[in-house]
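# Coordinate inspection notes
Spelled out from the first residue to the last, the chains are:
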Amino acid sequence: MEEDPDTYRILRLRAEILELGSAIRQLQRAGLDDAAAQLLLGRKRAQLDHLVKTNSTGGLQDP
């Protein structure tokens, strides 16, 4: 059974967002600039929001 491409993209974006969050925390703990990672995180969240809102299955939408 194949997964819907949008479902795969949503899952992939969620994983990327988790990784970016972890990277940002590590940068902050090290006292380094995290502005680029924060910007990328914001873009990924916007992409995820758009995909979730337009996903026709509705199975992965956040409450």
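Notes on the structure in this doc start here. (Residues numbered from 1 in each chain as written. Predicted model: local features only at pLDDT ≥ 70, side-chain atom pairs only at ≥ 80, totals over all residues. Heavy atoms only, no water.)

Helix and strand counts for the chain come out as 2 helices and 0 strands. Residues counted as buried form 24% of the 63 residues belonging to the chain. Put simply, 62% of the contacts in the chain that link residues at least 6 apart link residues at least 24 apart. Counting every atom, the chain has about 4,800 Å² of accessible surface; 54% of that belongs to carbon and sulfur. (Helix = DSSP H or I, 4+ residues; strand = E, 2+ residues; numbered from the N terminus. Buried < 20%, exposed > 50% of the residue type's maximum accessible area, 1.4 Å probe, protein only. Contact = heavy atoms within 4.5 Å. Areas by Shrake-Rupley, 256 points an atom, 1.4 Å probe, with all protein chains shown as cover.)

All right, on to the side chain of D34 then. Here D34 is to be found in the loop between α1 (5–29) and α2 (35–54). Buried within the structure, D34 lacks any salt-bridge partner; R25 is the closest side chain of opposite charge, at an N-O distance of 9.9 Å. For D34, the contacting residues outside a window of four places in its chain are I24, L27 and Q28. (Lys, Arg positive; Asp, Glu negative; His and termini not counted. Salt bridge = Lys/Arg side-chain N within 4 Å of Asp/Glu carboxyl O.)

On to the pattern of salt bridges. By the definition in use, this model includes 4 salt bridges. Put simply, E16 and K44 hold a salt bridge, and the shortest N to O gap is 2.7 Å. Here E16 is found in helix α1, whereas its partner K44 is found in helix α2, with 28 residues between them in sequence. Overall, the relative accessible area of 23% leaves E16 in the partly exposed class. Judged by relative accessible area, which is 18%, K44 ranks as buried. In this structure, D49 and K53 form a salt bridge, with 3.2 Å as the shortest nitrogen-oxygen distance. Here D49 pairs with K53, and both are found in helix α2, just 4 residues apart, close to one helical turn.

This paragraph deals with α1. The end-to-end C-alpha separation of α1 is 36 Å, in line with the 36 Å expected for 25 residues at 1.5 Å each. Along α1, the residues that are buried comprise T7, I10, L13, I17, L20, G21 and I24. Tucked into the core, α1 has its buried residues touching α2. (Expected span 1.5 Å × (residues − 1).)

Take it as geometry only, folks, not as evidence of what the structure does.
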